[in-house]
Amino acid sequence: MTPPTSTLGVPIISGTADRRTPSLHGYDAGLLVLRLALGLTMAVHGAQKLFGWFGGGGLEGTGQFFTASGYPAGEAMAAVAGLTETFGGLGLAFGLLTPLAGAAVVGTMVNVLAVKWGGGFFAPEGVEYEVLLTAAAVALTLTGPGRYAVDRFLPGLRTHRLAYGVAAVVLGLVVAAVILLLRK
C-alpha cells in the first residue's frame, strides 16, 4: 500500500492528512495577476509621458512638470521616466528579466514618492497609491515572477533567487537616490 500524496506528489506523513499542501499553480496564477496589473499600469503611465496617450502630457508637458518639480533637463528626465515605466512595466507584465524590471519600477516610484511627499497619506493628495505600487514592485522583485513568465525559459533566471531580488531592489534604490541628488 502506497501512502497518500499531496497535490505536489509528495507523500503525506501520517497524521498530517488535514494539512493540505497548496498547489503552486495558485501562487503562480496570483503572481501573474499581480504582474499584469502592476506592469500594465506602469506601462500605461510611461506611454502617457512618452506619447501623450491616455490623457498624458507627452514629453513636452511632462518635461514642464519635471522642470517645475526641480529636475534638470525636464524633457530628458520625462523621457527617462517614460522609458523606465514603459519597459519596466512591460517586463513585469511578461515576467521578463523580472528583477531588473522590478528595480526600474522601484526606482521610478521612489522618485514619484519624493515629489508627492507632503500631502499626507490618503487621497486626494496623498501617496497611498504610489506606496502600494512601490510595495507591489518590491514584492515581485523579491518573490520572482512565478512559473507563468518568460523568465522561466531563461537559464539564469529559471529559478529565481532571493539574492537576485535583493540586489535588484538595492540597485533601484541607488539609482533613485542618484536621480534625486540631481533634483533642486
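Use the structure listed above.
Residues numbered from 1 in each chain as written. Predicted model: local features only at pLDDT ≥ 70, side-chain atom pairs only at ≥ 80, totals over all residues. Heavy atoms only, no water.

1. Concerning unusual backbone geometry
Part 1: With omega at 15 degrees, the peptide bond leading from A123 into P124 counts as cis.
Part 2: As for its position among the elements, P124 is in the loop between helix 4 (98-116) and helix 5 (128-143).
Part 3: Unusually for a residue other than glycine, F54 sits at a positive phi of about 55 degrees.
Part 4: Position of F54 among the secondary structure elements: in the loop between helix 1 (24-51) and helix 2 (58-68).
Part 5: Exposure remark for F54: the relative accessible area of 57% places this residue in the exposed category.
Part 6: Despite not being glycine, A73 has its phi angle at roughly 50 degrees, a positive value. (Helix = DSSP H or I, 4+ residues; strand = E, 2+ residues; numbered from the N terminus. Buried < 20%, exposed > 50% of the residue type's maximum accessible area, 1.4 Å probe, protein only.)

2. Describing the layout of surface pockets
Part 1: Size it by volume and the largest pocket reaches roughly 690 Å³.
Part 2: F66, A81, E85, T108 and V112 are, among the 33 residues lining the largest pocket, the residues nearest its centre.
Part 3: Of all elements in the fold, only helix 1, helix 2, helix 3 (74-94), helix 4, helix 5 and helix 6 (162-182) reach the threshold of two or more residues within the lining of the largest pocket.
Part 4: Of the residues that constitute the lining of the largest pocket, the class distribution is 19 nonpolar, 10 polar and 4 charged.
Part 5: Along the wall of the second largest pocket there are 14 residues; nearest its centre are D28, P145, G146, R147 and R158.
Part 6: The dominant element in the lining of the second largest pocket, judged by the number of residues it contributes, is helix 1, at 4 residues.
Part 7: Among the residues making up the lining of the second largest pocket, the classes are represented as 5 nonpolar, 4 polar and 5 charged. (1 Å grid on protein atoms, 1.4 Å probe; cavity = no way out; pocket = protein on both sides within 12 Å on 5 of 7 lines; lining within 4 Å. Points joined across faces, edges and corners; volume = space filled by probe spheres on them. Nonpolar A, V, L, I, M, F, W, Y, C, P; charged D, E, K, R; others polar.)

3. Thoughts on helix 5
Part 1: A rise of 1.5 Å per residue sets the reference length of helix 5, with its 16 residues, at 22 Å; its end C-alpha atoms lie 22 Å apart and thus fit the reference within 8%.
Part 2: Against helix 1, helix 3, helix 4 and helix 6 lie the buried residues of helix 5.
Part 3: One or two residues past the end of helix 5 sits G144, with phi positive at roughly 95 degrees. (Expected span 1.5 Å × (residues − 1). Contact = heavy atoms within 4.5 Å.)

4. Overview of the pattern of salt bridges
Part 1: Summed over the entire model, instances satisfying the criterion amount to 3 salt bridges.
Part 2: With a shortest N-O distance of 3.1 Å, K49 and E85 are connected by a salt bridge. Of this pair, K49 sits in helix 1 while E85 is found in helix 3, placing the two residues 36 residues apart along the sequence.
Part 3: Note on K49: relative accessible area 15%, which makes it buried.
Part 4: One salt bridge in this structure joins K116 and E130, with 3.1 Å as the shortest N-O distance. (Salt bridge = Lys/Arg side-chain N within 4 Å of Asp/Glu carboxyl O.)

5. Notes on the environment of A73
Part 1: As for its placement among the helices and strands, A73 is situated in the loop between helix 2 and helix 3.
Part 2: Judged by its relative accessible area of 54%, A73 is exposed.
Part 3: As a C-alpha pair, A73 and G63 span 10 residues in sequence and 7.7 Å in three-dimensional space.

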